[in-house]
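Commentary on secondary and tertiary structure
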Amino acid sequence: MNRTGIVFVVSGPSGAGKSTICNTVLKTEPNLRFSVSCTTRAARRGEIDGEDYHFTTPSGFQDHVDKGDFLEYAEVHGHMYGTLAAPISDDVDRGLDILLDIDVQGVSHIQKAIDLRASHLTNAICYTLILPPSREELERRLRSRGTEAEATIKRRLEAVEFELGQWRCYDYLVTNNHVDLAIEDLRRIILAERMKIARMPGATPWN
Ligand code: 5GP
């Protein structure tokens, strides 16, 4: 490996299509690994422990907090979510690029941490916000998933205004009008960032 890995952070309101876009890109893009977060929320139908999330009890989550295991963590829609730091540093050191699916609070925590500690991630972290075509479409998509209770849907819709208001924290915005185009947009963002890194002496974009 000629370079350290790039961290691709992707956020977006629930229902913006982020998971579909990220999962497709992860399947087809070489040298890109998904960062599996810890969460205290219950697994949804079809979700696999250790692949989609590390499903954790509140006390297990608190243990990680106490031990300082998280790069960032936040309460999102009434549950705790956190990104484990160690697997990311290991992969980045090995030259693997990482994709993080985290909310806007997580982004703000990482950006503050990087400012304070001048982390080695500074040169190789890229933030993308995935937007729905409209609020109406977002609501339609959330309801059509059929996995969430009405109260949860309401809470997620209320969070949208705050989430969209944070767009300045991001390097790229992708509007998911057509999922195939949004997938292509994310692929191009990844290529563009890899090309930037490739300008470093001895590096290549594909590594
Ligand atoms: P969901 O429950 O629908 O899988 O995710 C809810 C929200 O939590 C999404 O916006 C997702 O990006 C966010 N999320 C998932 N993992 C993490 C994490 O490790 N940290 C933070 N801050 N947010 C996360």
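Note that the coordinates shown come from a computational prediction; the quantities given were computed from them, not determined experimentally.

Below, the discussion takes up the side chain of Glu-72. Residue position: Glu-72 is located in strand β5 (residues 70–76). Using a relative accessible area of 5% as the deciding quantity, one classes Glu-72 as buried. A polar contact of 2.5 Å, which involves the side chain of Glu-72, links it to the side chain of Thr-83. With sequence-adjacent residues up to four places away left out, Glu-72 is seen in contact with Gly-82, Thr-83, Ile-102, Gly-106, His-109 and Ile-110.

Near the ligand, the surroundings consist of 17 residues, among which Ser-37, Arg-41, Tyr-53, Tyr-81 and Asp-101 are the closest. The side chain of Arg-41 places a nitrogen or oxygen atom 2.6 Å from an oxygen atom of the ligand. In this structure, an oxygen atom belonging to the ligand sits 2.9 Å away from a side-chain N or O atom of Arg-156. Notes on the ligand: free accessible area 510 Å², of which the protein chains cover 95%. Of the residues assigned to the shell around the ligand, the class counts are five nonpolar, five polar and seven charged.

Here the focus is the side chain of His-77. Following the sequence through the fold, His-77 ends up in the loop between β5 and β6 (79–84). Taking the relative accessible area as the measure of exposure, His-77 reaches 12% and is therefore buried. Apart from residues lying up to four places away in sequence, His-77 is in contact with Ser-14, Arg-155, Arg-156, Ala-159 and Glu-163.

A separate point is the nonpolar core. Counting residues in each nonpolar core, the largest one holds 39 residues, and the members touching the most others are Val-9, Leu-100 and Tyr-127. When contributions to this core are tallied by element, the ones reaching two or more residues are β1 (7–11), α1 (18–28), α3 (85–93), β7 (97–101), α4 (104–117), β8 (125–131), α6 (150–165) and α7 (179–198). Apart from residues no more than four positions distant in its own chain, Leu-100 is found in contact with Val-7, Phe-8, Val-9, Val-10, Ser-35, Thr-83, Ile-88 and Ile-110.

According to the stated counting rule, one finds five aromatic pairs in the structure shown. Pairing Phe-61 with Tyr-73 gives two aromatic rings, centres 6.2 Å apart and planes at 75 degrees, and the pair type is edge-to-face. Remark: Tyr-73 occurs in strand β5 and Phe-61 occurs in helix α2 (residues 58–67); sequence separation between them is 12 residues. You can call Tyr-73 partly exposed: its relative accessible area is 36%. One aromatic cluster is present, formed by Tyr-53, Phe-55 and Tyr-81 through successive ring pairs.

Conventions and cut-offs
- Residues numbered from 1 in each chain as written.
- Predicted model: local features only at pLDDT ≥ 70, side-chain atom pairs only at ≥ 80, totals over all residues.
- Heavy atoms only, no water.
- Helix = DSSP H or I, 4+ residues; strand = E, 2+ residues; numbered from the N terminus.
- Buried < 20%, exposed > 50% of the residue type's maximum accessible area, 1.4 Å probe, protein only.
- Polar contact = N/O pair within 3.5 Å; in protein donor to acceptor, adjacent residues only side chain to side chain.
- Contact = heavy atoms within 4.5 Å.
- Near = heavy atom within 4 Å.
- Areas by Shrake-Rupley, 256 points an atom, 1.4 Å probe, with all protein chains shown as cover.
- Nonpolar A, V, L, I, M, F, W, Y, C, P; charged D, E, K, R; others polar.
- Core = buried A, V, L, I, M, F, W, Y, C linked by side-chain atoms within 4.5 Å.
- Phe/Tyr/Trp six-rings, centres within 6.5 Å; stacked < 30°, edge-to-face > 60°.

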